[in-house]
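Architecture at a glance
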Amino acid sequence: MISYLDELESKSVYIIREAYSRFRNIALLWSIGKDSTALLWIVRKAFFGKIPHPVVHIDTSFKFKEIYEFRNRYSREWGLDLIISRNEGALQEGMCPDKAKLECCNALKTEALKITMQERRFKALLLAIRRDEHGIRAKERYFSPRTIDFKWDYRNQPPELWDLYKSNVEKEEHFRIHPMLHWTELDIWKYIEREKIPTASLYFAKDGKRYRSIGCETCCAPVDSSAADIKKIIKELKTTKVSERSGRSQDKESAYTMQKLRSLGYM
Amino acid sequence: MRNVTKKKPIKIAIIGHVDHGKSTLIGRLLLDTHSLSRDRLAEIKRISKELGKDTELAFLTDQLEEEREKNITIDTTQIFFRTRQRDYVIIDTPGHLEFIKNMITGTSLAEAAILIVDITEGIQEQTRRHAYLASSLGVERLVVVFNKMDLTGYAQDSFIREQNLLSAFLKNMGITAFHIVPVSAKKGDNISRRSPRLGWYKGPTLIESIDRIEADVKNRESVLRFPVQDIYEIEGESVLVGRMLSGTMRAGQEIAILPGVKKTTIKAIRVFGRLTGRAERGESIGLILDGSMAVKRGDVIAEKEYAGPAKNSFRGNIFWMSEMPLELEKKITLRCATQEIEGVAEKIENRMDSSSLRIIEENARVVRKNEAATVTFRTQGAIVTEKFSFIKELGRFVIERKNCVEGAGVVV
């Protein structure tokens with residue numbers, strides 16, 4: 001009998017291959033965080049080492065220095081077809097988190113992605129969101145249709161039974177595909193440990209602090225932790241009483257910020 | 001602490017009529033198993049206060065603004081908690097008939113279900129429908145909780161009366177509840193702690209009950225079934241990719257490719273990053289076959305003894321979700337595993353009310369929204385199916401029109 005981690009991985013591989021089989025013209029969104037790096041790892045496995053589609057990094061320009069170094073190193077090492085997605089217009093006009101968080105996330109992430117989508121017309125985007133990260137993400141489907149302007153109709157999602165995923169939409173629409181939806185934060189770390197997946201050092205404790213979730217440097221706060229390696233992170237997660245995204249400011253500006261961001265097309 | 005060997009995680013759907021307390025029960029399970037983070041609990045308290053309510057445990061799963069303001073669950077969600085025995089994935093489902101497609105979406109992923117019934121209201125329309133749907137979707141292991149026992153003063157007689165009514169209804173469908181537990185989700189009686197106020201009840205608490213559910217061990221038949229998902233050209237070789245649904249496979253093994261029953265041999269099994277000569281149920285793998293064989297997505301690889309040929313028809317129990325009825329001899333698309341084929345409903349043996357289970361009509365011409373039916377389908381080409389009770393993944397299907405899932409069923 002295969003192990004629980006093997007089951008999780010096999011389901012993700014199935015979903016990734018299903019997306020590629022249906023659309024061919026797809027891309028993976030890589031934030032360089034632990035989840036999307038684990039997804040990238042599984043995508044490499046699904047395609048026997050050579051990813052046949054582009055990988056998109058949405059670059060707000062406010063990411064940690066280490067994230068850029070990590071991106072450049074592994075996109076070379078893994079032979080990725082990397083697309084850097086930036087909303088240059090908004091950056092030139094001075095958009096930054098000091099103005100307003102919701103507007104900044106929307107302009108530098110969602111709108112940047114829209115620009116890339118207009119150029120490349122991907123039919124599906126692979127994203128590493130997980131149900132246990134946030135209550136709104138827990139409402140997602142594996143194959144989630146989006147309108148041309150990225151709207152998510154969360155009031156009326158299509159039925160999704162077993163592993164028979166919806167795979168046809170109107171011409172101008174696209175799919176968000178979520179191959180990691182069923183993984184937990186703990187599963188991800190156990191998998192990173194087993195597979196020896198390279199991970200940004202920001203996740204490991206230095207001077208009593210570590211990042212549990214990584215976004216822009218400006219909008220991420222580290223949590224108190226002494227977990228300086230993967231084994232210790234796994235141990236910490238088994239007993240922690242702090243939620244994963246507690247350091248992410250866009251989640252909690254108001255109760256429904258995430259819902260609003262996501263209905264506008266945020267990841 | 002004693003070192004407990006944990007069982008494999010299990011997915012449990014919480015089903016039942018609207019307002020019988022599904023989301024509150026989930027909140028209670030999280031609270032009592034200490035699975036809630038401090039900041040999430042603080043957030044729920046704050047939002048409840050903003051809306052002028054007592055701390056509303058249901059808000060842990062009811063995350064949409066619309067859900068919280070109207071106190072309803074619109075879409076299914078999943079949440080994680082752990083006991084000392086194992087980790088759980090709890091699937092919350094909406095109780096309104098209006099959102100039944102979301103209930104089915106959630107329940108289709110479950111391995112077991114908790115059916116919740118408000119003791120003061122007893123069995124209601126969605127109690128029956130949800131029990132029927134869960135059972136039809138193959139969720140056989142069912143725990144029943146009678147909730148809101150606090151509102152009856154924890155009375156044993158009302159529990160016994162309702163328990164008898166429900167058991168009779170379930171028996172009629174061929175379901176036996178694993179346990180029937182009287183609880184108050186709001187007050188925390190009999191969820192994780194035995195309640196002195198329900199001293200007359202001698203059975204397990206809800207957590208003890210679900211901890212005793214064993215993971216599904218059925219469906220481990222030896223026959224080989226591998227539906228081809230896609231074909232990649234890698235270094236000059238055709239690699240068939242897909243997931244093993246049943247049986248095992250090894251390099252050198254002779255196999256049959258369905259539906260046409262073409263025979264060949266497996267040259268190699270490929271998994272990235274490690275060498276393997278063997279594959280088993282559940283694995284996503286790549287296959288290289290001997291010789292050049294025309295294979296396409298939707299073909300199914302089976303053991304060489306497969307009797308075949310695959311047929312152009314099958315019979316299923318279905319549930320219809322669309323406003324536009326299913327009609328005899330009108331074109332539909334049928335999807336089963338990676339197969340997708342056009343077909344028609346050739347015979348509708350009967351259609352029934354999916355709550356009362358009363359037969360509305362025999363030999364019908366249509367199946368309407370929220371009705372269940374037994375239907376024989378005829379397909380344009382051969383389709384490989386198995387009885388749902390034999391190989392689940394080849395025994396379940398969806399019915400689509402215009403790219404939308406409008407019905408679903410299992411092969412009988």
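Here the structure is a predicted model, which means the values were calculated and not measured.

As a further point, take the overall build of chain B. Summing up its helical and strand segments, chain B has seven helices and 24 strands in all. A compact globule built from 412 residues would reach a C-alpha radius of gyration of about 22 Å, and chain B, at 24 Å, matches this within 12%. Sequence-distant contacts, at least 24 apart, represent 68% of the contacts inside chain B between residues at least 6 apart. Here chain B displays about 17300 Å² of accessible surface, and carbon together with sulfur accounts for 49% of that area.

It is worth spelling out the overall build of chain A at this point. A count of helical and extended segments in chain A gives eight helices and eight strands. A compact globule built from 267 residues should have a C-alpha radius of gyration of about 18 Å, and chain A, at 18 Å, falls within 12% of that. With the C-alpha coordinates aligned to their principal axes, the bounding extent of chain A is approximately 55 × 50 × 40 Å. Taken over 267 residues, chain A has a buried fraction of 68%. For chain A, contacts bridging at least 24 residues in sequence account for 74% of all contacts bridging at least 6. Only carbon and sulfur atoms are counted for the fraction: they give 49% of the accessible area of chain A, which is about 9900 Å².

Let us look at the sheet that holds strand β5 (residues 141-147) of chain B. All names here are of chain B. An order of β2-β3-β1-β4-β5-β6 is seen for the six strands of this open sheet, with the pairing classed as mixed. This sheet does not close on itself; its edge strands, each paired only once, are β2 (77-82) and β6 (180-182). Adjacent strand axes in the sheet meet at a mean angle of 25° when their direction is disregarded. Where strand β1 (residues 7-16) lies against strand β4 (residues 112-118), five bridges are found, and the strand directions are parallel. When the sheet's bridge partners are listed, Ile-14 is paired in β4 with Ile-114. Here helix α6 (residues 156-172) sits on the sheet in contact with β4, β5 and β6, set at roughly 150° to β5.

Moving on, we come to helix α6 (residues 185-195) of chain A. Residues lying three or four places apart along an α-helix face the same way, a consequence of the helix completing one turn every 3.6 residues. Extensive coverage of α6 of chain A is indicated by the burial of eight of its eleven residues. On its buried side, α6 of chain A packs onto α1 (4-23), α2 (34-46) and α7 (230-239) of chain A together with β2 of chain B.

A few words now on α6 of chain B. Residue and element names in this part refer to chain B. Here α6 spans 24 Å end to end across 17 residues, near enough to the 24 Å set by a 1.5 Å rise per residue. Every buried residue of α6 is listed here: Ser-158, Phe-159, Glu-162, Leu-166, Phe-169 and Leu-170. Taken down its axis, α6 places every buried residue within 100° of arc, on the same side. α6 presents Asp-157, Lys-171 and Asn-172 as exposed residues on the side facing more than 90 degrees away from its buried surface. Packing partners of the buried residues in α6 comprise β4, α5 (125-136), β5 and β6. The first or second residue beyond α6 is Gly-174, which carries a positive phi of 80°.

This part takes up the domain arrangement of chain A. Residue and element names in this part refer to chain A. Structurally, chain A comprises domain 1 (4-183 + 255-263) and domain 2 (197-251). Using only C-alpha atoms to locate each centre, domain 1 and domain 2 end up separated by 21 Å. In this complex, domain 1 contributes 26 residues to the contact, which on the side of domain 2 involves 22 residues. Contact between domain 1 and domain 2 buries roughly 2100 Å² in total, counting both sides, with carbon and sulfur atoms accounting for 64%. Sorting the residues of domain 1 by area buried against domain 2 places Lys-34, Phe-64 and Glu-66 first, and these three jointly supply 31% of that buried surface.

By size, the foremost hydrophobic cluster in this structure holds 66 residues, and its most contacted members are Leu-126, Phe-143, Ile-177 and Trp-189 of chain A. Ranked by residue count, the leading element in this core is α1 of chain A, at nine residues. Discounting chain neighbours no more than four positions away, the residues touching Leu-126 of chain A are Ile-16, Ala-19, Ile-26, Ala-27, Leu-28, Leu-29, Leu-39, Val-43, His-53, Ile-177 and Pro-179 of chain A. Of all hydrophobic cores here, the second largest spans 43 residues; its members include Leu-115, Leu-170, Met-173 and Ala-372 of chain B.

The subject of this paragraph is the pattern of salt bridges. One pass over the structure, following the stated rule, counts 57 salt bridges over all chains. Of the charged contacts in the structure, one is a salt bridge between Glu-133 of chain A and Arg-137 of chain A, with a shortest N-O distance of 2.7 Å. Residue Glu-133 of chain A shares its accessibility class with Arg-137 of chain A, and that shared class is buried. Among the salt bridges present, the one from Arg-315 of chain B reaches Glu-349 of chain B, with a minimum N-O distance of 2.6 Å.

This paragraph deals with the pairing of strand β7 (residues 225-234) of chain B. Residues and elements named next belong to chain B. Among the ten residues that make up β7, eight are buried, leaving the element largely enclosed by the rest of the structure. Direction of pairing for β7 relative to strand β15 (residues 300-303): antiparallel, over a ladder of three bridges. Within the sheet, the bridge partner assigned to Pro-227 lies in β15 and is Val-300. Relative to strand β8 (residues 237-243), β7 runs antiparallel, the two being bridged by six bridges. Note that in β8 the partner of Val-228 across the bridge is Gly-242.

With that settled, consider the state of the cysteines. Summed over all chains, the structure comprises zero disulfides over all chains. Not part of a disulfide, Cys-336 of chain B finds its nearest cysteine sulfur in Cys-404 of chain B, a span of 20 Å.

This paragraph deals with the packing of α1 of chain A against α2 of chain A. The relative placement of two packed helices is expressed as an angle between their axes plus a distance between the axes. All names here are of chain A. Packing of α1 against α2 leaves a shortest axis separation of 9 Å and a crossing angle of 70°. In terms of axis orientation, α1 runs roughly perpendicular to α2. From α1, Glu-9, Ser-12, Val-13, Ile-16 and Arg-17 reach across to α2, where they touch Leu-39, Ile-42, Val-43, Lys-45 and Ala-46. The class makeup of the residues in the contact of α1 with α2 is six nonpolar, one polar and three charged.

Let's shift gears to the domain arrangement of chain B. Residues and elements named next belong to chain B. Examined at the domain level, chain B breaks down into domain 1 (7-211), domain 2 (225-303) and domain 3 (311-411). Contacts between the two partners involve 14 residues from domain 1 and, on the opposite side, 13 residues from domain 3. Summed over the three residues of domain 1 that lose the most area to domain 3, namely Ile-104, Arg-129 and Tyr-132, the buried surface amounts to 41% of that side. Viewed at the interface, domain 3 and domain 1 are joined by one salt bridge. Across the pair Asp-353 and Arg-129 runs a salt bridge, and its minimum N-O distance is 4.0 Å. On the surface where domain 1 and domain 3 come into contact, there are three residue pairs in polar contact (both at pLDDT 80 or more).

Tallying each qualifying case throughout the model produces 22 aromatic pairs over all chains. Here the aromatic residues Phe-23, Tyr-142, Phe-143, Tyr-165 and Phe-175 of chain A are joined through ring pairs into a cluster of three or more. Over the ring of Phe-150 of chain A we find Arg-176 of chain A, and its NZ or CZ is 5.1 Å from the ring centre. A cation over an aromatic ring shows up here: Arg-243 of chain B above the ring of Tyr-14 of chain A, its NZ or CZ 4.3 Å from the ring centre.

Rules of the game
Residues numbered from 1 in each chain as written. Chains lettered and ligands numbered in written order. Predicted model: local features only at pLDDT ≥ 70, side-chain atom pairs only at ≥ 80, totals over all residues. Heavy atoms only, no water. Helix = DSSP H or I, 4+ residues; strand = E, 2+ residues; numbered from the N terminus. Rg over C-alpha atoms; globule rule 2.2 N^0.38 Å. Contact = heavy atoms within 4.5 Å. Areas by Shrake-Rupley, 256 points an atom, 1.4 Å probe, with all protein chains shown as cover. Buried < 20%, exposed > 50% of the residue type's maximum accessible area, 1.4 Å probe, protein only. Pairing = 2+ DSSP bridges. Axes fitted to C-alpha atoms, helices over the stretch in contact; angles between N-to-C directions. Expected span 1.5 Å × (residues − 1). Arc of directions from axis to C-beta. Domains from an automatic or database assignment. Buried area = accessible area lost by both parts, 1.4 Å probe. Core = buried A, V, L, I, M, F, W, Y, C linked by side-chain atoms within 4.5 Å. Salt bridge = Lys/Arg side-chain N within 4 Å of Asp/Glu carboxyl O. Disulfide = S-S within 2.5 Å. Parallel < 35°, antiparallel > 145°, perpendicular 65-115°, else oblique. Nonpolar A, V, L, I, M, F, W, Y, C, P; charged D, E, K, R; others polar. Polar contact = N/O pair within 3.5 Å; in protein donor to acceptor, adjacent residues only side chain to side chain. Phe/Tyr/Trp six-rings, centres within 6.5 Å; stacked < 30°, edge-to-face > 60°. Lys NZ or Arg CZ within 6 Å of the ring centre and 35° of its normal.

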